[in-house]
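Commentary on secondary and tertiary structure
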2 protein chains.
Amino acid sequence: MKRVAVIGCGTVGASWAALFLGHGLDVAAYDPSPGAEDRLQSFVDHALDQLAELGIRGKGELRFSGDLTDVLGAADFVQENVPEDEALKRRMLADIDALAVEGVIVASSTSALLRSSIVAECKTSHRFIVAHPFNPPHLVPLVELVGEDEGIIQEAAEFYQTLGRRPVILRREMPGHIANRLSSALYREAVYLVEQGVASVADIDAALCNGPGLRWAVMGPHMTYHLGGGPGGIKHYLSHLGPSQVKRWAALGNPTLSPEVQKQIVEGVADEAGDRSIQELEERRDRGLLEILKSRTEVAGKP
Amino acid sequence: MKRVAVIGCGTVGASWAALFLGHGLDVAAYDPSPGAEDRLQSFVDHALDQLAELGIRGKGELRFSGDLTDVLGAADFVQENVPEDEALKRRMLADIDALAVEGVIVASSTSALLRSSIVAECKTSHRFIVAHPFNPPHLVPLVELVGEDEGIIQEAAEFYQTLGRRPVILRREMPGHIANRLSSALYREAVYLVEQGVASVADIDAALCNGPGLRWAVMGPHMTYHLGGGPGGIKHYLSHLGPSQVKRWAALGNPTLSPEVQKQIVEGVADEAGDRSIQELEERRDRGLLEILKSRTEVAGKP
């Protein structure tokens, strides 16, 4: 693998581009939006500095082009990141289908759409996969893979592993894949706690990132309950505490995002953010992620 | 604050004891179970080594006693951690009520019981609070506080802050408080994904701790969506993507912990654990937590 085509250079595409470049791969980037090239270059410069902190210091070459044929003609791998509009994605993947070199894997970063619907017009659909990253992709290791050809999925998984990513493989497609479904499930309860006036938005956020969120950076929920079951592990946990877990599920909330709840959330987030701009908060998030990634040695759950 | 009584010295009580000792407080510990003193000492020795890595190197004195009156007589603060049995807890808190020095705060570590039910027999219930930590309490900063007297809650919050904890205050009691409700909500969906055969247990765990779990060690869910809303922040997010979030909530699963699902989880966890014993996994979890805690500088969300 030497040259990757990055199609669509918004936040996700630009972050992927930086990751590829940092690992020494050449990137040919395509984005028809006005000003896209400058925004991409500026994002990549900043992200490459961050990657250098993690010891990722490859020197891939970045080339930007407004010509899709040119960008796809010499690519060994394609990462597509156009906006989450089903018709647009479907058309773009069909175009890529016609232009990408035979046998080249085409990965879509789609978070919300189903693979089956966006590859519907592709003649060589077997080589099209979903490879959904988590924002920002150059820092967060997760990549969720969905495909129809096991060999292609394996090849893609190995490729992402060479970039320090942690691919997880879905056995079948599912709206929201895995991580966004877990996030949504948690967020529903977080909104319920706001709606019910149980705590401030800032305290709910703090409860997560100083409690379970901290542990979930180290191991997943199943492994967590394995350790919560004492010497008998998950088997003991499920047989003894399973019923109370099911009871707790039944007591979880089902909130609405009414104007009143939205107002409470918006005001609560404003309190929590204080005078920090979104850009400052992003920088602090990235700083936090970088420090955790730097600190990662071998941890449980084989992340 | 100079001397803390730790009532009940299982995993949670022992971990609290280590935290108090590491911060230079004397601990008088009570536990009627056979062998409790040795288990406590051994846990504390190990935990104090971990705390020393975080620069917490106080030299409180640990005294164990089988006499509740003796332990409570000279305590400035009481942390109760007896088993999660409502009748037992209620009786123990009533005993503490009669024996603890006037004005001393009594904090229960209960995770599953409601404060109102366990303080029912206390004459001085206003000084009784729930202070629920997250396992292991000497490492994970979260403490969830529930009480009836705002002054007492404030005093307790300040005390826990001196121990490097992050207290969050519940405005009203709620089964499971905040963090366990968020955990349960996420776990329900994790079990659903197993039930539906979407991915292996190990991949579901990996998706969390390499994706949203990693980010949630840095900031909570509301702040995360604030950054997901672009320049318009959470307000833009809720008004534009709120409806799709609500739609996602409706598509979340409602699994059962049937024998078949339990079997899949147990086998999946066994695959994930490989040849690592529960003790090894705990050590790796603690190592992961320690490294993250060491790396924590100032991060977004003011954790």
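Just so it is clear, the model here is predicted, and its values are computed rather than measured. (Residues numbered from 1 in each chain as written. Chains lettered and ligands numbered in written order. Predicted model: local features only at pLDDT ≥ 70, side-chain atom pairs only at ≥ 80, totals over all residues. Heavy atoms only, no water.)

**Remarks on the interface of chain B and chain A**
Rule in force here: Contacts are residue-level and defined by heavy atoms, with any inter-residue pair within 4.5 Å sufficient. Buried area is calculated as the accessible area (1.4 Å probe) missing from two parts once they are joined, with the contributions of both summed. Salt bridges are counted wherever a side-chain nitrogen of Lys or Arg sits within 4 Å of a carboxyl oxygen of Asp or Glu.
Contact with chain B, which involves 105 residues of that partner, is made by 105 residues of chain A. Note on chain B versus chain A: buried area summed over both sides is about 10,400 Å², and carbon and sulfur give 68% of it. Of all residues in chain B, Tyr187(B), His222(B) and Trp249(B) give up the largest surface area on contact with chain A, accounting jointly for 8% of the area buried on that side. Summed over the shared surface of chain B and chain A, the result is four salt bridges.

**Overview of the UniProt feature "domain: 3-hydroxyacyl-CoA dehydrogenase NAD binding" (unreviewed entry) in chain A**
So the rule is basically this: UniProt positions are given in the numbering used here, feature names are shortened, and annotations may be inferred rather than shown by experiment. Each helix corresponds to a stretch of at least 4 residues labelled H or I by DSSP, and each strand to a stretch of at least 2 residues labelled E; elements are numbered beginning at the N terminus.
Mapped onto the present numbering, the UniProt feature "domain: 3-hydroxyacyl-CoA dehydrogenase NAD binding" (unreviewed entry) falls at residues 4–170 of chain A. The distance from the first to the last C-alpha atom of residues 4–170 of chain A is 24 Å, and the span holds 40% helix and 22% strand.

**Here we look at the domain arrangement of chain A**
Residues and elements named next belong to chain A. Defined as follows: The domain boundaries here were taken from an automatic or database domain assignment. Between N or O atoms, a polar contact is any pair within 3.5 Å; within protein, one atom must be a potential hydrogen donor and the other a potential acceptor, and residues adjacent in sequence are included only when both atoms are from side chains. Residues are sorted three ways: Asp, Glu, Lys and Arg are charged, Ala, Val, Leu, Ile, Met, Phe, Trp, Tyr, Cys and Pro are nonpolar, and all the rest, Gly among them, are polar.
In terms of domains, chain A is made up of domain 1 (3–169) and domain 2 (179–295). Between the C-alpha centres of domain 1 and domain 2 the distance comes to 30 Å. Contacts between domain 1 and domain 2 engage 13 residues on the former and 10 residues on the latter. For the domain 1 and domain 2 pair, buried surface summed over both sides reaches about 1,000 Å², with 61% attributable to carbon and sulfur atoms. On the domain 1 side of the contact with domain 2, Glu53, Leu54 and Leu139 bury the most area, a combined 44% of that side's loss. Our count for the contact surface shared by domain 1 and domain 2 stands at two salt bridges. At the boundary of domain 1 with domain 2, the tally comes to four residue pairs in polar contact (both at pLDDT 80 or more). Elements that contribute at least two residues to the side of domain 1 that touches domain 2 include exactly α2 (36–53) and β7 (142–146). Tallied by class, residues from the side of domain 1 that touches domain 2 come to seven nonpolar, four polar and two charged.

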